[in-house]
Protein chains: 2
Amino acid sequence: MTIQPFISLPQGVRDILPEESKKIRKVESGILQVFEKYGFKKVITPLLEYVEVLSLGMGENLKDRVLKYIDPSTGRVVAIRPDITPQIARVVATRMRDYPLPLRLCYNENVLRHQGDGKNREVLQIGAEYISAAPSPEADAEMIIMAIEALKRIGLKDFKIDIGDVGFLRAVLGRLPVNVEDRALIKDAIAIKDTSSLESILKRTGKGIRKDDRELLLNLATFYGEEEVIKKASSLTRDPAAKRSLSNLTQVIKAVTKKRLMDSVTIDLGEVRGFDYYTGIIFEGFASGVGKPILSGGRYDNLLEKYGYGCAATGFAFDVENTVSAMERKI
Amino acid sequence: MTIQPFISLPQGVRDILPEESKKIRKVESGILQVFEKYGFKKVITPLLEYVEVLSLGMGENLKDRVLKYIDPSTGRVVAIRPDITPQIARVVATRMRDYPLPLRLCYNENVLRHQGDGKNREVLQIGAEYISAAPSPEADAEMIIMAIEALKRIGLKDFKIDIGDVGFLRAVLGRLPVNVEDRALIKDAIAIKDTSSLESILKRTGKGIRKDDRELLLNLATFYGEEEVIKKASSLTRDPAAKRSLSNLTQVIKAVTKKRLMDSVTIDLGEVRGFDYYTGIIFEGFASGVGKPILSGGRYDNLLEKYGYGCAATGFAFDVENTVSAMERKI
């Protein structure tokens, strides 16, 4: 008899036994059917990428979360993919320029992310990307409507899609006459909805800040709810880029309303998630009883040009395991 | 404008565009439907494993083909899985002992293997494992019949399943009165069907080798074809273990014949693939026009006990991309 090593798994990965696997398969196939109905075609991207190639398209928050090794044959640093979206951007920019736009692509893959403390997490994802010549509220609306339809298809009842717009926030923050550091402090205070910190930063820095901008910033946390928050925000800004964002958002909400899906939607104009990565509408899905998002995404019009193909794009991905957890908790 | 790194992929991985991805999905779902019909339940295993845990259950040929890194938080060596079967063995031995035997499990995952020259290959696999208290010809037959049925279901016409039996060969080689090195040389000559080398090794080493054993070995390459090769082999050996293997194989062939599937089968008693890993029947699927196997598997009764649960097992996996290539070439 040989002495056996302690049989355990690296932290952050796990086995999925038949009962759970069956639920995952059901959720995946329901979602993929909806994606297919909307004309999304599946691509399969590789497990490995060169870090320098992947880095072109990774948000800062992901760069530290990549498992890497040095490829002995080339000396280049190789990553296990932490995200599929930059891979899709690379594939489209390098191999799919002959395809007519808009391109509707989807995927169903595993990614690996450092979680801190030396832990990784393997995440099963199903996502969709809509790549077009120019951004449009129709594309933004299609993604949100499709996400809701997919959740309804798999039978999830108690969920909300939170919609924000970092394009709006970027316009508002961009016009403030403050330095880069203070702008970051302001953004961070907004991120955690800390209005008293925000007020003191504005008091300290903001001699030249216009009264309506100040009022808008201090009210951001209240721009949470239904359609009327867009009007409230609009009444407080005259910045043309901010106005354009709000007008785009209004059209998206109109499209969602037309599909009678507004019950599933909340607007949150104070949300700054992915501020440096996204360029317009962002959204996340939450289900009752599950602390983590079941899906997240948004518009990222700057990504494809980093791979040399200047297209607009919006997309989102389900975290399959969180979605299955949500299904478990449905009444 | 930033200077872009040369956008390329690490060797051995690739993008799969929508046209091919659609074919893959069709092949995968056809195969999984057949697996499901036979009662196989899907499990999902992790991308990463500790090397020492995985090594318990890896054949020697795989050990050098594993991509590894050192986990900074534990100092343990972590592998990207090169094979799913040892993972299934670990899962069953550590987490599924309460499940009644036989256990029918299947999977649909990506693995990563070094190919030499610093290249890797990402392989998309769909496989099935049948785990039982004891080996049986019924289990062996079920796997072969299910493999054939899956290939027919996805519409592949021109294919063959080559069936061998390393249990038979091990019995024959085991009784030779030669040393370990010479036994390895004999096995290697059989592997490449080099009868003249085999003859000279036997001449050199084989003073004590019985005449019937010698004749059997020199005729191994001719034990290729239909059912009658089992009788030919049987007439040349009196070794009880070899006889038992041939009797098991006869029953498997009977079951395949009963299903009228013998047209899809060839017997090859000279096949030694996976000699150190498999314990009984081995089989591989080949399609016209595709040089590489589209599926391979066999009985591996020694694997689960290495994880502390002494079960018998047989299984096989499709190489999904090779299978899709075979579909492309069908008439």
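Residues numbered from 1 in each chain as written. Chains lettered and ligands numbered in written order. Predicted model: local features only at pLDDT ≥ 70, side-chain atom pairs only at ≥ 80, totals over all residues. Heavy atoms only, no water.

## Observations regarding the interface of chain B and chain A
Facing 59 residues of chain B, the contacting portion of chain A comprises 59 residues. Summing the contributions of chain B and of chain A, the shared interface buries around 5000 Å²; its carbon and sulfur component is 60%. Applying the counting rule to chain B against chain A returns five salt bridges. Residues A:Glu36 and B:Arg25 are paired through a salt bridge, measuring 2.6 Å at the closest nitrogen-oxygen approach. Summed over the shared surface of chain B and chain A, the number is 16 residue pairs in polar contact (both at pLDDT 80 or more). The residue makeup of the side of chain B that touches chain A, split by class, is 30 nonpolar, 11 polar and 18 charged. (Contact = heavy atoms within 4.5 Å. Buried area = accessible area lost by both parts, 1.4 Å probe. Salt bridge = Lys/Arg side-chain N within 4 Å of Asp/Glu carboxyl O. Polar contact = N/O pair within 3.5 Å; in protein donor to acceptor, adjacent residues only side chain to side chain. Nonpolar A, V, L, I, M, F, W, Y, C, P; charged D, E, K, R; others polar.)

## Considering unusual backbone geometry
At the junction of A:Leu101 and A:Pro102, the peptide bond is cis and its omega measures out at -5° in the coordinates. Mapped onto the fold, A:Pro102 is located in the loop between α4 (85-95) and β5 (103-116). Even without glycine at this site, B:Lys193 takes up a positive phi of about 50°. With respect to the secondary-structure elements, B:Lys193 resides in the loop between α7 (180-191) and α8 (195-205). (Helix = DSSP H or I, 4+ residues; strand = E, 2+ residues; numbered from the N terminus.)

## As for the packing of aromatic side chains
All names here are of chain A. If you walk through the whole model with that rule in mind, you get 14 aromatic pairs over all chains. Between Tyr277 and Tyr300 the ring centres are 6.0 Å apart and the planes differ by 20°, which places this aromatic pair in the stacked class. Taken together, the residues Tyr277 in the loop between β9 (265-268) and β10 (281-287) and Tyr300 in the loop between β11 (295-299) and α12 (303-306) connect sequence positions 23 residues apart. Just as Tyr277 is buried, Tyr300 falls in that class too. Chaining the aromatic ring pairs together yields one cluster made of Phe35, Phe40, Phe283, Phe316 and Phe318. Here Arg76 stacks its cationic end above the ring of Tyr50, 3.7 Å away from the centre of that ring. A cation over an aromatic ring shows up here: Arg170 above the ring of Phe275, its NZ or CZ 4.8 Å from the ring centre. (Phe/Tyr/Trp six-rings, centres within 6.5 Å; stacked < 30°, edge-to-face > 60°. Buried < 20%, exposed > 50% of the residue type's maximum accessible area, 1.4 Å probe, protein only. Lys NZ or Arg CZ within 6 Å of the ring centre and 35° of its normal.)

## Here we look at the environment of B:Pro82
Residues and elements named next belong to chain B. Assignment of secondary structure puts Pro82 in the loop between β4 (77-80) and α4 (85-95). A relative accessible area of 0% means that Pro82 is categorised as buried. Considered as a pair, Pro82 and Val111 are 29 residues apart in the sequence and their alpha carbons are 4.9 Å apart. Pro82 has contacts with Leu54, Met58, Leu62, Arg65, Val66, Val111, Leu112 and Arg113, leaving out every residue within four places of it along the chain.

## Observations regarding the domain arrangement of chain A
Residues and elements named next belong to chain A. By domain assignment, chain A separates into domain 1 (18-175 + 239-329) and domain 2 (180-238). Across the contact, 25 residues belong to domain 1 and 22 residues belong to domain 2. Each partner contributes to the roughly 2100 Å² buried at the junction of domain 1 and domain 2, and carbon and sulfur atoms together form 64% of this total. On the domain 1 side of the contact with domain 2, Leu173, Arg175 and Ile267 bury the most area, a combined 26% of that side's loss. There are two salt bridges connecting domain 1 and domain 2. Across the salt bridge formed by Asp268 and Lys193, the nearest N and O atoms sit 3.2 Å from each other. Here domain 1 is connected to domain 2 by eight residue pairs in polar contact (both at pLDDT 80 or more). Taken together, the elements giving at least two residues each to the side of domain 1 that touches domain 2 come down to α6 (166-174), α11 (240-258) and β9. The element that contributes the greatest number of residues to the side of domain 1 that touches domain 2 is α11, accounting for eight residues. Its residues assigned to classes, the side of domain 1 that touches domain 2 shows 13 nonpolar, five polar and seven charged. (Domains from an automatic or database assignment.)

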